[in-house]
Amino acid sequence: GGATLPSRVPDENAPSLNIKEPAEDAEGLSTSKIYQNNKDSTVVLTMYMKQSTFTGDEEETLAGEASGIIMTADGYIITNRHCVINEKAGDVPYSRIEVTLYNGTVYESAEIIGTDSYSDLAVIRVNATDLQAAEFGDSSQVSPGDRVVAIGNAGGLRWTITQGILSGVGRDVYEASDYAIKCLQVDAAINPGNSGGALVNIYGQVIGINTAKISDEAYEGLGFAIPIDTAKPIIESLKENGAVIRPMLGITGQYINGLTARLSLIHI
């Protein structure tokens, strides 16, 4: 959710998400080079949940897998909220989130730093000091037709890479929510498990966070990613405060004596 701060003290030293512009004379990289540059900054998330057994005890069971993007060398990782919060079981955090690096290193339990239901973003952290952080690009500079690459844990096939083009920008994917995210639309294959993984431009820079697809036999090649420029202030607020504060103004009317309306301002 958005408006309530957690009990922890805000972290004034939380790192910033730095967006880097390519050099003016930079040429696009091959798909293979893009993969090599990003495989070590892409992680696999394995989620577990606790269930009661017939004896009354609790056992930990596998709940699913997803993807994440390393933001800083000291363990901050960007992913989707639905990858760390069990929405089907009452919107509670998974009992344990395991993080696996491309080199095989496993961090058995990541800390959830903060989540935001409106944007479906989350930040988690593992106890590390020397991770390979991704390089982030300017998603405001992309155009339909640009070549893009998606990297993630597609259907349990870890570090899968797919390629396509940017099919559109500014797509309203979350119209049913209170906070509409203008997403990047891509035709690169995105499958369950890709959530939280990187959408990368031709310079090897992360420009989006893969988050959704239209899944229906009548549709094909409609995947969506949250632009990194949109995600940046949300991610930084999650790192610093554990939540995102969005001031909201509501106006309600009440009739008095059937004639006069009294207006009151409600801050949520």
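Use the structure listed above.
Numbers given to residues run from 1 along each chain, matching the order in which its sequence is written. It should be noted that, the model being predicted, local features are given only for residues of pLDDT at least 70 and side-chain atom pairs only at 80 or more, the latter also being counted only at that level, while totals for whole chains, interfaces and linings use all residues. Processing note: side-chain calculations cover all non-hydrogen atoms of the structure and skip hydrogens and water entirely.

## Notes on the layout of surface pockets
If you add up the space inside the largest pocket, you get close to 420 Å³. Cavity: a set of points on a 1 Å grid over the protein atoms alone where a 1.4 Å probe fits but cannot get out. Pocket: an open set with protein on both sides within 12 Å along at least five of seven lines, its lining residues, like those of a cavity, having an atom within 4 Å of a point. In this structure, the largest pocket is lined by 21 residues; those nearest its centre are His82, Lys88, Pro192, Gly193 and Ser195. Counting residues per element, the ones that place at least two in the lining of the largest pocket are β1 (42–52), β2 (58–70), β4 (85–86) and β14 (206–213). The element contributing the most residues to the lining of the largest pocket is β2, with four residues. All amino acids are sorted into three groups, where Ala, Val, Leu, Ile, Met, Phe, Trp, Tyr, Cys and Pro are nonpolar, Asp, Glu, Lys and Arg are charged, and the leftover types, Gly among them, are polar. For the lining of the largest pocket, the per-class residue count stands at ten nonpolar, seven polar and four charged. Grid points are joined across faces, edges and corners, and a volume is the space filled by probe spheres set on the points. Strands here mean DSSP runs of E at least two residues long; helices mean DSSP runs of H or I at least four residues long; both are numbered from the N terminus.

## Describing the sheet that holds strand β13 (residues 198–200)
Strand pairing within a sheet occurs via backbone hydrogen bonds; the two strands may be parallel or antiparallel. In this description, strands pair whenever DSSP reports at least two bridges between them. Spatially, six strands are ordered β10-β11-β12-β15-β14-β13 in a closed barrel, and the strand pairing comes out antiparallel. Between one strand and the next, the sheet's axes are offset by a mean angle of 45°, whatever the strand orientation. Pairing of β14 with strand β15 (residues 223–227), which is carried by five bridges, proceeds in the antiparallel orientation. Bridging across to β15, Ile209 finds its partner in Ile226. Set on the sheet, helix α1 (residues 31–38) makes contact with β10 (147–154), β11 (157–172), β13 and β14; between it and β10 the angle comes to about 45°. Each axis is a line fitted through C-alpha atoms, taken for helices only over the stretch in contact, and angles between the N-to-C directions span 0 to 180 degrees. A contact between two residues is defined here by any heavy atoms of the two lying within 4.5 Å.

## Quick notes on the pairing of strand β3 (residues 76–80)
Within β3, five of the five residues are buried, which leaves the element mostly enclosed by the surrounding structure. Partly exposed describes any residue whose relative accessible area lies between the buried limit of under 20% and the exposed limit of over 50%, with all areas from a 1.4 Å probe on protein chains only and scaled to the type maximum. Here β3 shows no split at all, with Tyr76, Ile78 and Asn80 on one side and Ile77 and Thr79 on the other all buried. Pairing of β2 with β3 involves two bridges; the strand directions are antiparallel. Looking at β3, one finds that Ile70 is bridged to Ile77.

Everything listed here is a matter of geometry and, on its own, says nothing about what the molecule does.
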